[in-house]
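Listed below, chain by chain, are the residues.
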Amino acid sequence: MKLSVLDQSVAMAGRGQDASIRQTLALAQAAERLGYARFWVSEHHAHPSIVGTAPEILMAAIATQTQRIRIGSAGVMLPHYASLKVAEQFRVLDALAPGRIDLGVGRAPGSDGKTAQLLNPDRYASENFPQQVMELQAWVKGQPLPVGHPGHGVFAYPQSATSPDIWMLGSSDYGAQLAAHLGLPYAFAWFITDGQGAEQALHMYRETFRPSASLDKPKATLCVWALAADTDEQAWHLFKSRARWRMDRNLGRIGPMLPPDQAERDYSPAEQMALDALKANALVGSAATVSHKLRALADRLALDELVVITWTHDPQAQLHSYALLAQEFNLKP
C-alpha cells in the first residue's frame, strides 16, 4: 500500500509563522527520501492556526527541491479564483516538475465568510463550481472549450508533453458525486469529519463513476490524521497538543499549537466527553499500533493509498512519526 503526506503549515506557539512554511518545505524533502508517493499542501486564509495561504507558491518551492515525489494542492479553493489563472499556475508548476503535479480542488472557502468575500466579492461563486472544474479540465489538459463559451480559443500556457492530474477533494457527498460525474480521482477528508460520511461518499463515487479521457476506473483515497511515536505512551503525550487545539477550537478559540507540556487544562464534562470520543477514534500510538489501524481502515474501504496528516509542536516529532510509518509500510525512495 502507498502512503502520502498532507501538510498544512501549522503555526506553533513560540515560533514565527514563517518557520512553519519553511518546515513544510523541509518535510517535503524528507517525505521524498522516506519513499512517500505524494506531498500535498492545503489552502487556508485568515486562519491563526493554519498559515499555508498560497499552495501554488509553496509547491513551486517544493518542485525545485525534489526530484521524484508527486506534489499537489489539497486543495485550491476554486471559487476564490478564475479557472484560467489556476490552470496557468499549474501548467507552470508542471513545467517545473513534469508529470509530478496534482491539482486538488475544493469548493469550501478555507476561511470565514468575510474573508471569502474579500477573496472573491461574488458571494454566489461556489454555485459555479462544477462549471469551473470543467473549464479547468479543458485548460489544464490543453483541450478547446466549446464554441459559444467565452473561453473558446483561449489556452493556458505553457503547454508541454505532460499535464497536472486534477483531483476532487471533499468531505461530503457533493464532491463524490461531482468527481464521479466528471471521471476524476477523489480524496475524502476523513480528518475533517473524523470519518463520518466516508463510506457513503466512497460508495456513491464508485457506483456512479463515469470513465473519462484521463481516468478509466474509480481512483480514491482518504486524508487521515495520524501520529506515531516510539511507544504508545509517547504518542499520546504528543497528542495532547492536538487535543487541546481541538477542544479550544470547539469554543471558538483558534491559535497556534501549544507544546504538549503546556497543553493540558481543565475540561468541562461536555468537553471531556468530546475528548474521549476524539481519542477513541484517533490513529495514535506506536508505529505498529498506527500501521495496524491504517491497514485495517484501508482494507475496510478497499483503498491502496492513504494520505497522512500529522500535527506536532516539535517538527522533529512530526518527522519521526512519518519515518516510523515509512519503515512499517516498507516504503522505498
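Residues numbered from 1 in each chain as written. Predicted model: local features only at pLDDT ≥ 70, side-chain atom pairs only at ≥ 80, totals over all residues. Heavy atoms only, no water.

### Some words on the nonpolar core
Note that soluble globular proteins tend to have their nonpolar side chains buried in a common cluster.
Part 1 of the reasoning: The biggest cluster of nonpolar side chains holds 70 residues, and the ones touching the most others in it are Y36 and L222.
Part 2 of the reasoning: Element by element, the count of residues in this core is highest for helix α5 (residues 129-141), at 6 residues.
Part 3 of the reasoning: With near-sequence residues (within four places) excluded, Y36 lies in contact with L3, S4, V5, A31, R68, I69, Y322, L325, A326 and L331.
Part 4 of the reasoning: Grouped together as the second largest cluster of nonpolar side chains are 30 residues, A235, F239, W245 and V284 included. (Core = buried A, V, L, I, M, F, W, Y, C linked by side-chain atoms within 4.5 Å. Buried < 20%, exposed > 50% of the residue type's maximum accessible area, 1.4 Å probe, protein only. Helix = DSSP H or I, 4+ residues; strand = E, 2+ residues; numbered from the N terminus. Contact = heavy atoms within 4.5 Å.)

### Regarding the packing of aromatic side chains
Two aromatic rings, taken as a pair, are described by how far apart their centres are and by the angle between their planes.
Part 1 of the reasoning: Scanning the model with the defined rule gives 8 aromatic pairs in all.
Part 2 of the reasoning: Seen from their ring centres, Y186 and Y205 are 5.4 Å apart, and the 40° between their planes marks the pair as tilted. Separated by 19 residues along the polypeptide, Y186 in strand β6 (residues 186-188) and Y205 in helix α8 (residues 198-208) bring together distant segments of the chain. No difference in accessibility class separates Y186 from Y205, as the two residues are buried.
Part 3 of the reasoning: Cluster of aromatic residues (ring-pair linked, three or more members): Y186, Y205 and F209.
Part 4 of the reasoning: R107 extends its terminal NZ or CZ atom over the ring of Y174, reaching a point 3.7 Å from the ring centre.
Part 5 of the reasoning: Over the ring of W311 we find R242; its NZ or CZ atom is 4.7 Å from the centre of that ring. (Phe/Tyr/Trp six-rings, centres within 6.5 Å; stacked < 30°, edge-to-face > 60°. Lys NZ or Arg CZ within 6 Å of the ring centre and 35° of its normal.)

### Regarding the pairing of strand β2 (residues 38-41)
Part 1 of the reasoning: Side-chain alternation along β2 places R38 and W40 on one buried face and F39 and V41 on a second face that is also buried.
Part 2 of the reasoning: For strand β1 (residues 2-7) and β2, the ladder comprises 3 bridges, and the chain directions are parallel. Residue pairing in the sheet places V5 in a bridge with F39 of β2.
Part 3 of the reasoning: With 4 bridges connecting them, β2 and strand β3 (residues 70-77) associate as parallel partners. By the bridge assignment, V41 is partnered in β3 with S73.
Part 4 of the reasoning: For the handedness criterion, the β-α-β arrangement of β2, helix α2 (residues 55-65) and β3 is classed as right-handed. (Pairing = 2+ DSSP bridges. Right-handed = clockwise from strand over helix to strand, strands pointing away.)

### Focus: α8
Part 1 of the reasoning: Among all positions of α8, only A198, A201, L202 and Y205 are buried. Buried residues along α8 cover an arc of 95° about the axis, so they all sit on one side.
Part 2 of the reasoning: Buried-residue contacts for α8 involve α6 (173-182), β6, α7 (190-193) and β7 (220-229). (Arc of directions from axis to C-beta.)

### A few points about the pairing of strand β5 (residues 165-170)
Part 1 of the reasoning: Taking burial as the measure, the 6 residues of β5 include 5 buried ones, the bulk of the element.
Part 2 of the reasoning: For strand β4 (residues 101-106) and β5, the ladder comprises 4 bridges, and the chain directions are parallel. Paired with D102 across the two strands is D165, which belongs to β5.
Part 3 of the reasoning: As defined by bridge partners, β5 adjoins β6 across 3 bridges and the pair is classed as parallel. Bridge pairing links G170 to F188 in β6.
Part 4 of the reasoning: For the handedness criterion, the β-α-β arrangement of β5, α6 and β6 is classed as right-handed.

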